[in-house]
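Analysis of the macromolecular model
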Amino acid sequence: MLAGRNFSQHDDKDAPSVAVVNREFARKIFGSVTSALGGYYKMTDGTRVQVVGIAEDGKYTANLAEAPQPAMFRPILQATASDTWLVVRSSRDRQQLATAITSKLRDLDRGLPCFIQTWNEEMNGALFAPRMATASLGVLGAMGAMLSITGIFGMAAYSVSKRLRELGIRIALGAQRKEVLEAALGRAVRLLAFGSAVGLLFGLLATRVLAFIVYQATPRDPLVLAGVVLAMSLLGLLATWIPAQRALSVNPVILLRAE
């Protein structure tokens, strides 16, 4: 509750019609929360209802990424329904609790249908699509990482193999390890940086789609962006490790003698 009061046992069929509305309802119908409290609105049947409380916005469908929508709540003694939801929070064993609730309901009315479901079971349906989307994106990401490692490794290995004679001459003339690595893998590293920058740009453009698919994913999340940059850097180091070791282990005497 943000303001006002909740329902009581006095809100029955003989009392004036009242309702608790959410923040979005108050904003759309009354303009603000403060003006909604104590105000009146009419139902489709002409019933005049007074707003006695304002509640926070919630999720009312199976889509957890839904936009805020107006909602109103009526006391059960004034607006009867064919079914009723009872939410119970308890630290007791699930089976014992279900048995106790069922027994109590049967004492009230033996013909009363009763269906008990845990919170996690109820949430499984709403979370099924985001979970499948997250798993699919994870598999695609792993496949992309494997392809990137293969491509970078192949390009770096080819660059080193085509320049072995040059690298041998450089080492024979006293080139340092840093200079050898720059000559052998400089082009591969530049292409890796360029490809990572382009991929990061396209990733930023697709963040809104990701936020819609994956629950609680936010566009331009700094933690996610930092993780992507770190992951691509590690993949690049991993893919160029073997070609770099080969470039540094070149023996100019053996290489030039063979040439």
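Rules and cut-offs
- Going along each chain's sequence as written, the residues are numbered from 1 onward.
- In keeping with the model being predicted, local features are shown solely for residues with a pLDDT of at least 70 and side-chain atom pairs are shown and tallied solely at 80 or more, while totals for entire chains, interfaces and linings include all residues.
- Heavy atoms from the whole structure form the basis of all side-chain values; hydrogens and water molecules are not counted.
- Per the convention used, a helix needs a DSSP run of H or I reaching at least four residues, while a strand needs a run of E reaching at least two, with both numbered from the N terminus.
- Only C-alpha atoms enter the radius of gyration; for comparison, a globular chain is expected to reach 2.2 Å times N to the power 0.38, where N is the number of residues.
- The buried label goes to any residue with under 20% of its type's maximum accessible area, the exposed label to any with over 50%, and the partly exposed label to all in between, with areas taken from a 1.4 Å probe on protein chains only.
- For two strands to pair, DSSP has to find at least two bridges joining them.
- Should any heavy atoms of two residues lie within 4.5 Å, those residues are considered in contact.
- The distinction between a cavity and a pocket rests on a 1 Å grid over the protein atoms alone: a 1.4 Å probe fits inside a cavity but cannot get out, while a pocket stays open yet meets protein on both sides within 12 Å along at least five of seven lines, and a residue with an atom within 4 Å of a point counts as lining.
- Grid points are joined across faces, edges and corners, and a volume is the space filled by probe spheres set on the points.
- Any Lys or Arg side-chain nitrogen located within 4 Å of an Asp or Glu carboxyl oxygen qualifies as a salt bridge.
- Note on ring pairs: Phe, Tyr and Trp rings are taken, using the six-membered ring of Trp, and paired if centres are within 6.5 Å. Classes follow the plane angle, with under 30 degrees stacked, over 60 edge-to-face and the rest tilted.
- By definition, being over a ring means that NZ of Lys or CZ of Arg is both within 6 Å of the ring centre and within 35 degrees of the ring normal.
- We call a set of buried Ala, Val, Leu, Ile, Met, Phe, Trp, Tyr and Cys residues a nonpolar core when their side-chain atoms join them within 4.5 Å.
- As a per-residue measure, pLDDT tells how confident the predictor is, with possible values from 0 to 100.
- Polar contacts, as counted here, are pairs of nitrogen or oxygen atoms within 3.5 Å of one another; within protein the pair requires one atom able to donate a hydrogen and one able to accept it, and residues that are adjacent in sequence qualify only if both atoms are side-chain atoms.

Across its full length, the protein holds nine helices and five strands. When the helices and strands of the protein are listed from N to C terminus, the series reads β-β-α-α-β-β-β-α-α-α-α-α-α-α. The C-alpha radius of gyration of the protein comes to 33 Å, more than 25% above the 18 Å expected for a compact globule of 259 residues. Counting only C-alpha atoms, the protein reaches 105 × 45 × 25 Å along its principal axes.

With six of eight residues buried, strand β4 (residues 48–55) lies mostly within the body of the structure. Where strand β1 (residues 3–4) meets β4, two bridges bridge the pair, whose relative direction is antiparallel. The residue bridging Ala-3 from the neighbouring strand is Ile-54, located in β4. As paired strands, strand β2 (residues 18–22) and β4 are joined by five bridges and run parallel to one another. Residue Asn-22 lies in a different strand from β4, and its bridge partner there is Ala-55. For strand β3 (residues 40–42) and β4, the ladder comprises three bridges, and the chain directions are antiparallel. In the strand pairing of β4, Lys-42 is matched with Arg-48. Linking β3 back to β4 in an antiparallel pair, the connection comprises five residues, with Gly-46 at a positive phi of about 90°.

On to the side chain of Glu-24. Looking at the element boundaries, Glu-24 is found in helix α1 (residues 23–30). In contact with Glu-24, not counting residues within four places along its chain, are Asp-57, Pro-68, Gln-69 and Pro-70.

Of the volumes computed, that of the largest pocket is approximately 1,700 Å³. Lining the largest pocket are 34 residues, with Trp-85, Leu-86, Val-87, Val-88 and Gln-117 sitting closest to its centre. If you list the elements that add at least two residues to the lining of the largest pocket, you get α3 (94–108) and α4 (119–162). Per element, the largest residue contribution to the lining of the largest pocket is five residues, and it comes from α3.

The tally for this structure, following the rule as stated, stands at four salt bridges. For Glu-121, the salt bridge goes to Arg-94, with nearest N and O atoms at 3.0 Å. Taken together, the positions of Glu-121 in helix α4 and Arg-94 in helix α3 put the pair 27 residues apart, joining distant regions of the chain.

Quick look at the packing of aromatic side chains now. Counted under the stated rule, the structure contains two aromatic pairs. When the ring of Tyr-60 is compared with that of Phe-73, the centres are 6.4 Å apart and the planes differ by 55°; the resulting orientation is tilted. With Tyr-60 in the loop between β4 and β5 (72–73) and Phe-73 in strand β5, this pair connects stretches of sequence that are 13 residues apart. The exposure class assigned to Phe-73 is partly exposed, which follows from its relative accessible area of 35%. Positioned over the ring face of Tyr-40 is Arg-48, at 3.9 Å from the centre of the ring.

Residues Ala-156, Val-160, Leu-164, Leu-167, Val-180, Ala-183, Ala-184, Leu-185, Ala-188, Ala-244 and Ala-247 constitute the largest nonpolar core, which totals 11 residues. Counting residues per element, the ones that place at least two in this core are α4, α5 (164–172), α6 (177–205) and α8 (222–248). Sorting elements by how many residues they give to this core places α6 first, with five residues. In this structure Ala-247 touches Val-160, Leu-167, Ile-171, Val-180 and Ala-184, once residues within four positions along its chain are discounted.

We now examine the confidence of the model for the protein. Detail in the predicted coordinates should be disregarded across regions flagged by low pLDDT. Taken over all residues, the pLDDT of the protein has a mean of 82, while the share at 70 or more is 92%. Ranking the elements of the protein by mean pLDDT puts helix α9 (residues 252–258) last with 59 and β2 first with 96.

Moving on, we come to the environment of Ser-148. If you trace the backbone, Ser-148 turns up in helix α4. Sequence separation of Ser-148 and Leu-192 is 44 residues, and the distance between their C-alpha atoms is 9.3 Å. Within the local environment of Ser-148, its side chain forms a polar contact with the backbone oxygen of Ala-145, the two atoms lying 2.7 Å apart.

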